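# Structure assessment
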Amino acid sequence: MSIFAQLLEFIGDPAHWSGPRGIPVRIFEHVWYTALSLGIAALIALPVGLLIGHTGKGAFLAISIGNAARSFPSLGVLTLLVLAVGLGLTPVLVALVVLGIPPIVAATYEGIRGVSPATVDAARGMGMTEFDVLRRVELPIALPLVISGLRSSALQIVSTATIAAFVALGGLGRFLIDGLGVRNYAEMVTGAVLVALLAIAVDLVFALFSRIVVSDGLTGRAPAPSADTDLAPATTH
Amino acid sequence: MRWDWIQNNLENIGELLAFHLYLAVVPVVLGLALALPIGFLAVRWPRLYPPMLATSGVLFSIPSLALFIILPGIIGTQILDPINIVIALTIYAGALLVRPVADGLRSVPDHVRQSATAIGYERWRQVLKVELPIALPFVFAGLRFVTVANISMVSVGALIGIGGLGELFTDGFQRNFVTPIVVGMVLSVALALIADSVIVLIQRVLTPWARAGRSS
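Residues numbered from 1 in each chain as written. Chains lettered and ligands numbered in written order. Predicted model: local features only at pLDDT ≥ 70, side-chain atom pairs only at ≥ 80, totals over all residues. Heavy atoms only, no water.

### So, the overall build of chain A
- What chain A contains, in helices and strands, is 10 helices and zero strands.
- Along chain A, helices (α) and strands (β) appear in the sequence α-α-α-α-α-α-α-α-α-α when read from the amino end.
- Its C-alpha radius of gyration of 23 Å places chain A more than 25% over the 18 Å reference for a compact globule of 237 residues.
- Residue burial in chain A is summarised as follows: out of 237 residues, 46% are buried.
- Restricting the contact set of chain A to residue pairs at least 6 apart, pairs at least 24 apart contribute 73%.
- Here chain A holds 13 positive side-chain charges and 14 negative ones, and the gap between their average locations is 6 Å. (Helix = DSSP H or I, 4+ residues; strand = E, 2+ residues; numbered from the N terminus. Rg over C-alpha atoms; globule rule 2.2 N^0.38 Å. Buried < 20%, exposed > 50% of the residue type's maximum accessible area, 1.4 Å probe, protein only. Contact = heavy atoms within 4.5 Å. Lys, Arg positive; Asp, Glu negative; His and termini not counted. Charge placed at Lys NZ, Arg CZ, Asp CG, Glu CD.)

### Quick look at the overall build of chain B
- Looking only at helices and strands, one finds 10 helices and zero strands in chain B.
- Listing each helix as α and each strand as β along chain B from the N terminus yields α-α-α-α-α-α-α-α-α-α.
- Viewed in the frame of its principal axes, chain B has a C-alpha envelope of about 70 × 45 × 20 Å.
- Taking all 216 residues of chain B together, 48% fall into the buried category.
- For chain B, long-range pairs separated by at least 24 residues make up 73% of all intrachain contacts whose partners lie at least 6 apart in sequence.
- Carbon and sulfur atoms make up 67% of the accessible area of chain B, which amounts to about 10,600 Å² in all.
- For chain B, the separation between the mean place of its 14 positive charges and that of its 11 negative charges on side chains is 15 Å. (Areas by Shrake-Rupley, 256 points an atom, 1.4 Å probe, with all protein chains shown as cover.)

### Focus on the packing of helix α4 (residues 74-85) of chain A against helix α9 (residues 178-206) of chain B
- In the contact formed by α4(A) and α9(B), the axes pass within 10 Å of each other and the chain directions differ by 150°. Taken together, the axes of α4(A) and α9(B) are roughly antiparallel relative to one another. Where α4(A) crosses over α9(B), the two elements pack in a sense that is left-handed. The segment α4(A) lies against α9(B), with A:Gly76, A:Val77, A:Thr79, A:Leu80 and A:Leu83 engaging B:Val178, B:Ile181, B:Val182 and B:Met185. (Axes fitted to C-alpha atoms, helices over the stretch in contact; angles between N-to-C directions. Parallel < 35°, antiparallel > 145°, perpendicular 65-115°, else oblique. Left-handed = near helix turned anticlockwise from the far one by under 90°.)

### A closer look at the nonpolar core
- Core analysis: the biggest nonpolar cluster contains 94 residues, and B:Ile69 and B:Ile160 have the highest contact counts within it.
- Looking at which element gives the most residues to this core, the answer is helix α9 (residues 185-213) of chain A, with 13 residues.
- Those residues within four positions of B:Ile160 in sequence are excluded, and the remaining contacts are A:Leu180, A:Met188, B:Leu65, B:Phe68, B:Ile69 and B:Leu80.
- Within the second largest apolar cluster, 22 residues are counted, among which are B:Tyr49, B:Leu105, B:Val139 and B:Ile199. (Core = buried A, V, L, I, M, F, W, Y, C linked by side-chain atoms within 4.5 Å.)

### Some details on helix α1 (residues 3-12) of chain A
- Every buried residue of α1(A) is accounted for by A:Ile3, A:Gln6, A:Leu7 and A:Phe10. Each buried residue of α1(A) lies within a common arc of 100° when the element is viewed along its axis, so the set occupies one face. Residues A:Phe4, A:Leu8, A:Glu9 and A:Gly12 are exposed on α1(A) and point more than 90 degrees away from its buried face.
- Where the residues of α1(A) are buried, they touch α8 (173-181) and α9 of chain A together with α4 (64-75) of chain B. (Arc of directions from axis to C-beta.)

### A short note on the environment of A:Ala107
Residues and elements named next belong to chain A.
- As for its placement among the helices and strands, Ala 107 is situated in helix α5 (residues 89-113).
- Given a relative accessible area of 10%, Ala 107 falls into the buried group.
- Taking C-alpha positions, Ala 107 is 9.7 Å from Ser 152, a pair spaced 45 residues apart along the chain.
- For Ala 107, the residues in contact, after removing those within four places along its chain, are Leu 145 and Gly 149.

### A word on a nonpolar patch on the surface
- Side chains of B:Leu193, B:Ile194, B:Val198, B:Ile202, B:Val205 and B:Leu206 sit close together on the surface and give an oily, nonpolar patch of about 560 Å² of accessible area.
- The topology assignment puts B:Val205 in helix α9. (Patch = residues over 30% accessible without salt bridge, like charges linked within 9 Å, V, L, I, M, F, W, Y side chains within 5 Å. Salt bridge = Lys/Arg side-chain N within 4 Å of Asp/Glu carboxyl O.)

### Let's talk about the interface of chain A and chain B
- Taken residue by residue, the interface counts 33 residues in chain A and 34 residues in chain B.
- In total, chain A and chain B occlude about 2,900 Å² of area from one another, counting both sides; carbon and sulfur atoms represent 81% of this.
- Of all residues in chain A, the largest losses of buried area upon contact with chain B belong to A:Arg70, A:Leu83 and A:Phe166, amounting jointly to 21% of the total for that side.
- Joining chain A to chain B, the criterion identifies zero salt bridges.
- If you look at where chain A meets chain B, you find two residue pairs in polar contact (both at pLDDT 80 or more).
- Of all the elements in the fold, those that place two or more residues in the side of chain A that touches chain B are α4, α7 (130-160), α8 and α9 of chain A.
- In terms of residue count, the dominant contributor to the side of chain A that touches chain B is α9(A) (10 residues).
- Considered class by class, the residues forming the side of chain A that touches chain B number 25 nonpolar, five polar and three charged. (Buried area = accessible area lost by both parts, 1.4 Å probe. Polar contact = N/O pair within 3.5 Å; in protein donor to acceptor, adjacent residues only side chain to side chain. Nonpolar A, V, L, I, M, F, W, Y, C, P; charged D, E, K, R; others polar.)

Okay, here's the thing in C-alpha cells:
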C-alpha cells in the first residue's frame, strides 16, 4: 500500500480524532509547547538583542554564546535535564528555549545595527531619549529582521518539539515514537506529515504577521513621496 | 561520571562519532554539488530566482525528523536505512546553500565581469576562475551554518534509531545513566567546533586575497 493510502487510512479513521490520544489533542499539545517555549525565548532574547544592538556593547560575547548554543543537540540537553530533574514539562521547555534564543538575538542585533546612524542621530537631535530612539525609531526599522528571527526560532522549535514525546510527554512526536514502537508506519507518517504541515502553517502565520506590523514605509507598499506631495492630509487635495 | 564506562566503550563511541561525522558531512558536500548549478542557473535567468528562493524556504521549513520518516515511503527505502538521513539532510543543505551561491554570484560587479571578458576569459573559465572565487565568502558563510546545523540535527535521528552520537542520548536516557549523555554532548559540540574551524581554514586557503586586503 502506498504511503498516501496508508496516511489517508490512518487520518480517515474517526477513532484517531477523539479522546486524549486523538489528533486534535496532539496538535494542541504541540502548539502549546511551541508557543510557550517561543514566548519564553522571546522574553529573554528580544531585550538582549535590543540592548546589544543599541549600545553595540557585548555583541561579540553574545553572538559567540549564541553560536555555541546552536551546536548543542536538543535531544542531549533534554535527556540530560530529565535525568537531573525528572520527567515533566520543564526539561522540554528548557531544551526548546535554548534552541530558540540564538536566532532571535542574532536577528534583533543585526536589525538594530543596520539602522542608519544618520537616522539615529536625527532622532537624538529631535530630543528623543535613548529609550525613545530605540522604541520609536530603531525597533520599527529593524522589525522585518526581528520578525524573521522570531520566525526561524519558531520553525526550529516546532520541528524539535517532537522530542517531547521521547520523555513521555505528548505532542505530534507521540505518533512518531508510538508508531515506531509497534512498527506502524502509517502512524509515523501521519505524525511526520502533521508536523510538516504545522511548520508550514507557522511559516505562513509569521509571513502574515510581518505584512501587518511592518510599516508600509519600509516595504515599499506606501506611495513614494514625490516633490508635489506635501505632508498635508489627503482630503485637502 | 563513570570514567571506566568511557574506557570500556571507546571503540563503540569512536564508531558512533565516525558515523555521526559521515551522516553530517556527506550531505553538505552533496548539497553543495546541487546548489552550485542551481544557484548559477538562478543568476543567469533572473526569473528563476524568486521561485528558487520560495522553494528552498518551504523545503527548509519541513522538520528534518518528518523528512527522515516520509522519504522511505516516497523513494522506497527501508525506514531504518541511514540513506534516508543522508538524502534528507542533502535536501536541506542544498535548499539552504542555493541562496548564498546565488547571492554570491550576483555580488560580482559588472565591471569585473566585463574586464574578464576583455582580457580573454571565455565563458566557463570566467565562471570558474573569476565569478566563483568572488562568490566564495557567501558560499562559505552558508557552508559554516549548514554544517553546524547538520551536526546537531543528526542527533534527532536517534529517535528513529539512526543518530550517530544521538544514540548515546537515547541509550543514557533509557538506562538512567548520565555518562553516555555527557560524552555525546561533549563530542557533538566539539565536532561542530572542529568542523567549523576546518571550514574557516579551507576558506583562508582558497581566498588568500581576503587576508592580503585586510592587512594592507
